[in-house]
Amino acid sequence: MSAVSALRGFARRTLALARAEVLHVIRDRASLVQIIVLPLVQLLVLSNVATFAVKRSPVYFVDFDRSATSRGIVSRFAASELFDIVGQTASPAAANEALLRGDATIVVTIPRDFERDLTRDKAAPIGLDVNAEKGSAAGIVQAYAAQILTDYSAELGREITPTRRNVVDATSDVPPLAGAGHIEVRLRSWYNQTLDYKHYMVPGILVALVTMIGTLLTAQNIAREKEMGTLEQLNVTPIGKAEFITAKLLPFWVLGMIDLGLGLVAARLVFGIPIRGSLVLLMGSAGLYLIVALAIGLWISTLVETQQQAMFLSFFVIMIYLLMSGLLTPIDSMPHWVQVASLVNPVRHFVSISRAILVKGAGLTEIAVPLTTLGIFAVGFLTLAIRQYRKRVA
Amino acid sequence: MSALYGLLRKETYHILRDRRTLGVLIFMPIVQVMLFGFSISTDVRDVRMVIVDPTPDATTLAIRDRFAAGGIFRVIGVSQTEQPLDRLFRTDTAQVALIFEPAFGRHLAAGDAAQLLVITDATEPNTGSSRQLYVNAVIQQYESDMGKRSGAVRITPQVRSRFNPTRESTNLFVPGLMAMVLTIIAALMTALSLTREKETGTMEALLVSPLRPWQIIVGKVAPYLGIGFVSVLAVLGVAKIVFHVPMQGSLALLLAEGTLFILVALSLGILVSARTSSQRVAMLAAMMGTMLPTQMLSGFIFPIESMPRPLQWVSIIVPARWFVLIARGIMLKGIGLTYLWRETLVLAAMTLVLLVASARSFKVRLQ
Amino acid sequence: MTAPADGAAIRTNGLTRTFGRFTAVDHITFDVRPGEVFGFLGANGAGKTTAIRMLTGLLTPSSGEAWVAGHDVYRESEAIKRDIGYMSQRFSLYDDLTVRENIQLYGGIYDLSGDQIRDRTERILSRLGLSHTAHDAVGALPLGWKQKLAFSVALLHEPRIVFLDEPTSGVDPITRRQFWEMIYEAAHAGTTVLVTTHYMDEAEYCDRISIMVSGRIAAIGSPSELKRDSEASSIDEVFVRLVRPELAGRGGSAA
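Q: Can you explain the sheet that holds strand β5 (residues 71–72) of chain C? Please cite residues and give values.
A: Residues and elements named next belong to chain C. Strand order in the open sheet formed by 4 strands is β2-β1-β4-β5, and the pairing between neighbours is antiparallel. Only two strands of the sheet have a single partner each, and these edge strands are β2 (22–32) and β5. Across 2 bridges, strand β4 (residues 63–68) lies against β5 in antiparallel orientation. Opposite V68, over in β5, you have H71 as the bridge partner.

Take a look at the structure:
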C-alpha cells in the first residue's frame, strides 16, 4: 500500500470517528455544561476571589503614653491607605478581645514614657501584636507597619538632630563622608504597577481551566465508553490505535483551545488583564501544552474502569500539578526540593509561559526554555499514553 | 433492624472493593496536606538581584556588599548599563534590579541626594512589595549605620505573632482541607452512590423491600460518615505529626463540629441525588454546588474580606465558610462555644433545612 | 497445526483462557464452516462471551490455537477485524447519533468510500423500511428496529464472518422471526454467522450448534444429531441434560 493511500485511509478513519465524537459532545448537555458553563463560572468567580492583597487592615491602638509623639504615630497610621483604625483603648484586654474576635488584624501598643525614652535615649520599643491567623497577610501587615514606624523615626531623627556631623569610624565599612548626603530610593514596580492580583492570578486560572478540560474531560470520556461498552465495539473494528487516539483527542484539543480563547477574551474585557506579548505565541504554546494535558487524561483513562474513578484520579493528579505550579503562590517561595520537583511539572512551565507573555510581554527567545521543555513533555507523554493504551486485553 | 444492618454491610463491601476510589479518598487528603504545607508559602528568600553600577566606587561597592551578605538577596550579575534588564526580567532570571545613578558615591560625599532606582518584578504583588521592603530595610540600615554617629532615632517594634506564631501556612489550610475532604466524601460520594442505585434500577428493588426510605438513606450514607471521620482524623494526624499544627482548643469540640459539618454535606448529597437521575449530572451538580464554592468562597485559601461584596454575601450560604471559621478558632485560637455559638448555630440550621428539603424531594420522587 | 487449508471460517484447537485461578474457557476445539449458521449456546458464565472475545481479537488467549477467517488470533488480530462484523449484547449503535450518522461512522471506519456508504445506506434503509427515520436518533427507535439495524450495520462492510452476541434479547417473537430471516439471507449470501443465544428454540434454526458448560464444549453437532444422541425431543432438553443432569432424571451423558 502506497504511503499516500495509507495516509488517506488514516485520515478517513480518524475523521469519521472524530466527527462522531464531536456530535456526541454537542448533544450531551452535561458535557456542554462542563465545557462551557463550568469554566466560565469558575473564571468569573475565581478571578474576583483569588487575591492575597492586603487592603485596609483593621488596627487597634493601645496608647499608654498619650503624648504628641504617640499621637503622631496614630495619625501616620490613620493617613495610610493600608490601615484602618478601628479602635483606640486604654485597656489591653479590650484590644485582645478584638484580636480574638477577629475584629483587628494588628494591635499597636505604645508604652508609657514612650516620648520621654525616645527623646532621651533615641530608642524606644513599641508593641505590635499581629493576628497571624491569616498567614501571609500577617507578614505583609507587619512589614507595612514596621515601614511606617521606620519612616516616622527618620522624620523624628531629622527634627531632633537637625545637624549631621562627620565621624570617621575606622572599624566600620562606611567610608568617611565629607558632607551629609542621603540616599534617595526610587521604587518602581514592573509589569504590575497597580499591584493588582488579577494580573497574577488570571493567567494561572486560565491554565487551570484548560487543564481541567484537557485532562479531566478526556479521562472521563474514555472511561465512560469503557463503562458503557462502546469502547469494545470500537476495539473490534480495524481502527488503529493512533487513529482512535487522534480522533478522541482532537475534539478536546479544539475545545480546549476555544475555551482558552474565550477565556482570554473574558479576561481582557471583564478584568482588564493585559496582553502585552504575542497572542499567536501564547496560543501556540497552549496548543503544545494541551497535547500534554490530553495525553495525561488518556493515560489516566487506561488506569480506571469507571467514570467515577476517572474523575477522582484526574482530580488527584490535577490538584498535585496545580499546587506545585506556581499558580497560587510563587515557586521561588517554595522549599528547594519542591522547586526542583516542579521542573517535571508541565503546568508549571505553561504557567510561567502565560505569565511571561501576557504580563511581561515576553517573546519567543525569552520563553524558549520552558517551551522546549513542554515540547519534550508532549512527545514523551503522548508516546507513553499511546503505548499504555491497548485494543486487546492481554 | 437486621435489614438495615445488611444494607450497611453491602455498602461497606461495595466501597471497600472499589480500591481505586478508596485509595484516592484516603491518599488525597494526606497528599493535599503535605502539598499545601510544603508548597504554599510566601517566604521571601534567595531573591535574585541584578545590579547596574555605571560608576563603581567605594560607596557603591559597600552597598553592594550589604546586599550580597544579607542572605535574602543573591546577586546574579552586575552590569554597567540597563540594557540586559528586559531580558533578565522576562526570563525570570532576575527579580530585583538595583540601579545606581552615575557618580553615586560622589554625590553622596558632596552632601547631595544620590539616587538609587529599585526595580522589582511585581507580577506577584505581595512578593513584589516584600522585596521592596527588604531592599528599603537594607538601605535604611546602611544609612542608619552611616548616621549612627549623628544621632538618628530608632523605634523598635517588638512583634508578637498571635495565634500562629510560626506563621506556618499549614495551620491555615488544614481547617479548609478538612472541609474539602468532608465535602467530597460526604456530599459527592453520597450523591454518586444514591444516583447509581437509581440508574441501575436497584433503588426500586430496595424500596420494595421491607426497608423504610429513611433506613435506605441511612444505610447508604452511614459508611461515608465513617470514612469522613477517618479522613478527618488522618488529615489532623498528618498535620500534627509532620507540620506540628497546633490544637489549642478542644479536640472533642472540633470533632463534634466536624460531625455537624459532615451532616450538612450529607444532606446536600442526598438533596442532589433526590433531584437527579444520572450519575453524570449528580457529579456535576455536586461539584458545582459543593466543591467549587468550598474551594473558592469558603475563605480557606483566599480571604473573604478581600472579596467583592456580592461574593462575600454568597459565601454566607457556603457551609464550609462557617466550618473553616470554627476549625481555625478552635485549633489556632483555642476558643470554644462561647465565641463560636453563632457559627455552630448556622451549621445546625443549614443541616435542618437541607434535611427537610431532601426528605421532601425524596418522598415526592419516589411516590 | 497450521492455518486451515480447507478454508474453515473459524477453527480453534484447545483454546483456553484463565483469569488467575479461574478457568473461563477450557481447551475448546471446534470448527465453523464457511456460510454456516453456527449457534454458540451455554448458560450465563459458561464462557461464551470470553470465547467470542478471544476470537474477535479483544482478548489474548492463555493457551491453545485459533484462526478466524484464516488469520491467527495471536499474531494477526488486527487483520481479523477487517474480515469480521460484530454485534454485542450491551451495545452496538450510538443512541445519540442518527441512523445515517451511525452508518457513516462505521462506513468510514471500515474504509468504505463515500459512494459505497451512500449506496449501502439506501439499501439498508429501504430493506428495513426505515427511510423516513434516517435522521432520527437511534435511541428513539424501538428495540426491535434497533437490533435489526445494528445487524445490518455489522454487515455493512460485507465481512466474511459476523459474530452476534445475544442479538434477540428482549425482543418480541415476530421481530425475532424477522431477525432470523435476515440471518438466513446473510448466510445464503455466503457470510458465516456465529450467534450466541439463550433462546433454545432459536438453536433449532442453526445449521450446527455447540453447548458450553463450565468452559468446556459439552456437545457439538447439528440440532437433529444432538437431539437424537440425547434421546431428547428439543434442544432445551438436551441442554438441561448436559447442564443439570440431576434434573433430567437420567444419568446425564453428553454426545
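We are not done yet, so read on.
Q: Please give an account of helix α4 (residues 92–101) of chain A that cites residues and values.
A: Residue and element names in this part refer to chain A. Along α4, the positions that sit buried rather than exposed are A95, A98 and L99. Angularly, the buried residues of α4 cover 100° about the axis, an arc narrow enough to put them on a single face. Seen from the open side of α4, the exposed residues pointing more than 90 degrees away from its buried face are A93 and R101. Within two residues after α4, G102 carries a phi angle of roughly 90°, on the positive side.

Q: Go over the packing of helix α7 (residues 197–228) of chain A against helix α9 (residues 241–271) of chain A with me, naming the residues and quoting the values.
A: Residues and elements named next belong to chain A. Running from amino to carboxyl end, α7 crosses α9 at an angle of 160°, the nearest separation of the two axes being 10 Å. Our classification of the angle between α7 and α9 gives roughly antiparallel. The handedness of the crossing between α7 and α9 is right-handed. Between α7 and α9, the residues in contact are K198, V202, L206, L209, V210, I213, G214, L217, T218 and I222 and K248, L249, F252, L255, G256, D259, L260, G263, L264, A267 and F271, respectively.

Q: An account of the sheet that holds strand β6 (residues 84–87) of chain C is requested, with residue identities and associated values reported.
A: Sheet strands pair by backbone hydrogen bonding; their relative direction is either parallel or antiparallel. All names here are of chain C. Here we have 6 strands laid out as an open sheet, ordered β6-β7-β8-β3-β9-β10, and mixed in their pairing. Two strands lie at the open edges of the sheet, namely β6 and β10 (216–221), each paired on one side alone. For this sheet, the mean inter-axis angle between neighbouring strands, taken without regard to orientation, is 15°. Across 5 bridges, the pairing between strand β3 (residues 37–42) and strand β9 (residues 208–213) is parallel. Within the sheet, the bridge partner assigned to G39 lies in β9 and is I209. Strands β3, β7 (161–165) and β8 (192–196) of the sheet are contacted by helix α6 (residues 173–188), whose axis makes an angle of about 150° with β8.

Q: Lay out the pairing of β6(C) in plain terms, naming residues and giving numbers.
A: Residue and element names in this part refer to chain C. Burial of the side chains of β6 extends over both faces: I84 and Y86 are buried on one face and G85 and M87 on the other. Strand direction decides the pairing type here: β6 and β7, joined by 4 bridges, are parallel. Residue Y86 lies in a different strand from β7, and its bridge partner there is F163.

Q: Which residues make up the confidence of the model for chain C, and what are the values?
A: Do not read the predicted coordinates in detail wherever pLDDT is low. All names here are of chain C. Across chain C, the average pLDDT comes to 88, with 95% of residues at 70 or higher. Note that residues 250–255 has pLDDT below 50 and, in this model, 12 contacts with residues that lie over four places away or in other chains. For this predicted complex, the interface score ipTM comes out at 0.86, alongside a pTM of 0.84.

Q: Let's hear about the interface of chain B and chain A: which residues, and what values?
A: The interface of chain B with chain A comprises 97 residues on the first partner and 103 residues on the second. Considering each element in turn, the side of chain B that touches chain A owes the most residues, 15 residues, to helix α6 (residues 125–147) of chain B. Residues that form the side of chain B that touches chain A fall into these classes: 48 nonpolar, 30 polar and 19 charged.

Q: Requested: an account of the arrangement of the chains, with residues and values cited.
A: For this structure, the chain pair with the highest number of contacts among 2 pairs of chains in contact is chains A and B. Across all C-alpha pairs, the smallest distance from chain B to chain C is 14 Å, and the two are not in contact.

Q: Explain helix α4 (residues 114–128) of chain C to me, and be specific about the residues and the numbers.
A: All names here are of chain C. Counted at 1.5 Å a residue, the expected span for α4 with its 15 residues is 21 Å, and the 21 Å between its end C-alpha atoms agrees. Restricting attention to buried positions, one finds in α4 the residues I117, T121 and I124. Angular distribution of buried residues about the axis of α4 spans 70°; they occupy a single face of the element. For α4, exposure combined with an orientation more than 90 degrees from the buried face picks out D115, D119, E122, R123 and S126. In this structure, the buried residues of α4 make contact with α3 (99–109) and α5 (143–154).

Q: Give me the lowdown on unusual backbone geometry, citing residues and values where you can.
A: Peptide bonds are mostly trans, and most non-glycine residues show a negative phi. Residues and elements named next belong to chain C. The backbone of E158 sits at a positive phi, close to 50°, despite the residue not being glycine. Tracing the chain through its elements places E158 in the loop between α5 and β7. One non-glycine residue, S214, adopts positive backbone phi at about 50°. Tracing the backbone shows S214 in the loop between β9 and β10. You can call S214 partly exposed: it has 15 C-beta atoms within 10 Å.

Q: Please set out the nonpolar core residue by residue, giving values where relevant.
A: A general trend in soluble globular proteins is that nonpolar side chains are found buried together. Of all hydrophobic cores here, the largest spans 209 residues; its most connected members are B:L182 and B:V235. Per-element tally for this core: the top contributor is helix α7 (residues 169–200) of chain B, with 18 residues. Each of domain 1 (2–51 + 197–388) and domain 2 (57–190) of chain A accounts for three or more of the residues forming this core. Leave out the neighbours within four places in its chain, and B:L182 touches B:G228, B:V232, B:G258, B:F261, B:I262 and B:A265.

Q: How would you sum up the confidence of the model for chain A? Please name residues and give values.
A: Residue and element names in this part refer to chain A. Averaged over chain A, the pLDDT score is 85; the fraction of residues at 70 or greater is 92%. Within chain A, helix α10 (residues 279–301) carries the highest mean pLDDT (94), whereas helix α6 (residues 136–160) carries the lowest (77). The low-confidence segment residues 161–179, where pLDDT is below 50, has 29 contacts with residues more than four positions distant or belonging to other chains.

Cut-offs applied
- Residues numbered from 1 in each chain as written.
- Chains lettered and ligands numbered in written order.
- Predicted model: local features only at pLDDT ≥ 70, side-chain atom pairs only at ≥ 80, totals over all residues.
- Pairing = 2+ DSSP bridges.
- Helix = DSSP H or I, 4+ residues; strand = E, 2+ residues; numbered from the N terminus.
- Buried ≥ 20, exposed ≤ 12 C-beta atoms within 10 Å, placed from the backbone.
- Arc of directions from axis to C-beta.
- Axes fitted to C-alpha atoms, helices over the stretch in contact; angles between N-to-C directions.
- Parallel < 35°, antiparallel > 145°, perpendicular 65-115°, else oblique.
- Left-handed = near helix turned anticlockwise from the far one by under 90°.
- Contact = placed C-beta atoms within 7 Å.
- pLDDT = per-residue confidence, 0-100.
- Nonpolar A, V, L, I, M, F, W, Y, C, P; charged D, E, K, R; others polar.
- Expected span 1.5 Å × (residues − 1).
- Core = buried A, V, L, I, M, F, W, Y, C linked by C-beta atoms within 7 Å.
- Domains from an automatic or database assignment.

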